[in-house]
Amino acid sequence: MSSPTPPVTLDDVRDAAARLKGVAHRTPVLQSRTLDRLVGAETFLKCENFQRVGAFKFRGAYHAISRLSPRERARGVATYSSGNHAQAVALAARELGSKAVIVMPEDAPQTKLDATRGYGAEVITYDRYAEDRVAIGERIAGEQGLTVIPPYDDPHVMAGQGTVALELLEETGELGAVLAPVGGGGLLAGTATAAKGLHPDIRVIGVEPELGDDTARSLAAGHRVSLDGVPKTIADGQGALTPGALTFPVNQRLAEGISLVSDTEILAAMRLAFERLKIVIEPSGATALAALLAGHIDPLPDRVGVIISGGNIGMTRFTELTA
């Protein structure tokens, strides 16, 4: 019996890279002798905090909207997001001549709410602890004839996110492992597709906050499972309750597993990045680095890539967390 066709392939990631060329930033890959000494490996940080909108999400959002027909783009797009995907869809829609309606939690960081509106999107807020953002987004899309651009569970979004790993490996050559943060699983699925497609023996490891471990639980169970409530972790961008229906089978097949990090370990990574590497990263963007610093990757390869997925955090919040 033949295996089901995967939702995204290495060729899809390469096609996405061609569409994103000259639109998305080719973000830097940073190295630090101090970091290498601390972790005991040569480490390469793919810094998506320098991406447009401050996070990797721009890649998938732009790629997915660019794939719509002219008629679909003219009608507009909708999505639901705690922040980074919201900003990404807002900017990508503006770049491609489309309108965007974004459903965001009312307690989303003010910097992310302001930025999303600043890119020209209409923002509709909801109570993340009492309402279903997907249902709200689907309803609005149906009423207004908009196309939904999901945060992760979409082949074009996944392919766009995979360009992060494609660029990393083009610059570094073969690595022993790549670490990627996991929320709904789109970045990990794209990363695993690109990395394993280029280097079949590479280890691809996802990283989740301990309080938002839906993917880890699902991999252990062998099927998708849901958390009981919204994770109360500082890594708000990794607050998915259930892995994606499309992303989970990819990650189940290609990823080695999930490393879990505490909020304390995330804060330690944010502090080190600020004090020693001179970069600002948000909690969700710091989880992969946190796993490496905390010694959770065993065995540790000689050369390891780490995806810093975003840097969208305001000064007040950053100071509150790291003081």
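Here is what the cut-offs are and how they apply
- Residues numbered from 1 in each chain as written.
- Predicted model: local features only at pLDDT ≥ 70, side-chain atom pairs only at ≥ 80, totals over all residues.
- Heavy atoms only, no water.
- Pairing = 2+ DSSP bridges.
- Helix = DSSP H or I, 4+ residues; strand = E, 2+ residues; numbered from the N terminus.
- Polar contact = N/O pair within 3.5 Å; in protein donor to acceptor, adjacent residues only side chain to side chain.
- Contact = heavy atoms within 4.5 Å.
- Phe/Tyr/Trp six-rings, centres within 6.5 Å; stacked < 30°, edge-to-face > 60°.
- Buried < 20%, exposed > 50% of the residue type's maximum accessible area, 1.4 Å probe, protein only.
- Axes fitted to C-alpha atoms, helices over the stretch in contact; angles between N-to-C directions.
- 1 Å grid on protein atoms, 1.4 Å probe; cavity = no way out; pocket = protein on both sides within 12 Å on 5 of 7 lines; lining within 4 Å.
- Points joined across faces, edges and corners; volume = space filled by probe spheres on them.
- Nonpolar A, V, L, I, M, F, W, Y, C, P; charged D, E, K, R; others polar.

A. Representation of the sheet that holds strand E1 (residues 29-30) in the model. Spatially, the six strands line up as an open sheet ordered E1-E2-E10-E7-E8-E9, and their pairing is mixed. Both outer strands of the open sheet, E1 and strand E9 (257-261), are each paired with one neighbouring strand and no more.

B. Geometry of the side chain of threonine 116. By the secondary structure assignment, threonine 116 is in helix H6 (residues 110-118). Reaching out from threonine 116, the side chain makes a polar contact with the backbone oxygen of lysine 112 at a distance of 2.8 Å. Discounting residues that sit within four places of it in the chain, threonine 116 has contacts with Gly83, Ala86, Gln87, Ala90, Ile102, Met104, Ala121 and Val123.

C. Up close: the packing of aromatic side chains. Tallying each qualifying case throughout the model produces two aromatic pairs. Summarising the aromatic geometry, the rings of phenylalanine 58 and tyrosine 62 are spaced 5.7 Å apart at their centres and angled 40° between planes, so their arrangement reads as tilted. Of this pair, phenylalanine 58 and tyrosine 62 both sit in helix H3 (residues 57-66), four residues apart, roughly one helical turn. Judged by relative accessible area, tyrosine 62 falls into the buried class, the value being 11%. Judged by centre distance (5.3 Å) and plane angle (55°), the ring pair of phenylalanine 274 and phenylalanine 318 falls under tilted. Placement of the pair is phenylalanine 274 in helix H12 (residues 263-275) and phenylalanine 318 in helix H14 (residues 315-322), with a sequence separation of 44 residues. Residue class for phenylalanine 274 comes out partly exposed when judged on its relative accessible area of 43%.

D. Examining the sheet that holds strand E5 (residues 122-126) more closely. If you walk across this open sheet you meet the four strands as E5-E4-E3-E6, and the pairing is parallel. The two strands at the open ends of the sheet, each matched to only one other strand, are E5 and strand E6 (147-148). With five bridges connecting them, strand E4 (residues 100-105) and E5 associate as parallel partners. Looking across to E5, one finds that valine 101 is bridged to glutamate 122. In the packing of helix H5 (residues 84-95) onto the sheet, contacts are made with strand E3 (77-80) and E4, and the angle to E4 comes to roughly 170°.

E. Quick look at the layout of surface pockets. Taken as a whole, the largest pocket holds about 850 Å³ of empty space. Going through the elements one at a time, H5, helix H7 (133-144) and helix H9 (186-198) are the ones with two or more residues in the lining of the largest pocket. The class makeup of the residues in the lining of the largest pocket is 16 nonpolar, 18 polar and ten charged. As for the second largest pocket, its lining consists of 21 residues, and the residues nearest its centre are Pro109, Thr233, Ile234, Asp236 and Arg317. Of all the secondary structure elements, the ones that give two or more residues to the lining of the second largest pocket are H6 and H14. Split by residue class, the lining of the second largest pocket holds nine nonpolar, five polar and seven charged.

F. Broad picture of the pairing of strand E10 (residues 303-308). Of all six residues in E10, five are buried, a share of seventy percent or more. Taken together, the six bridges between strand E2 (residues 42-47) and E10 define a ladder with parallel strand orientation. Bridged to leucine 45 within E10 is valine 306. Pairing of strand E7 (residues 177-181) with E10, which is carried by three bridges, proceeds in the parallel orientation. By the bridge assignment, valine 178 is partnered in E10 with glycine 305.

G. Summary view of the environment of serine 82. Among the structural elements, serine 82 can be located in the loop between E3 and H5. The sequence separation of serine 82 and alanine 55 amounts to 27 residues, and the corresponding C-alpha distance is 13 Å. Those residues in contact with serine 82 that lie beyond four places of it in its chain are Met104, Pro105, Ala108, Pro109, Lys112, Arg128, Arg133, Asp236 and Gly237.

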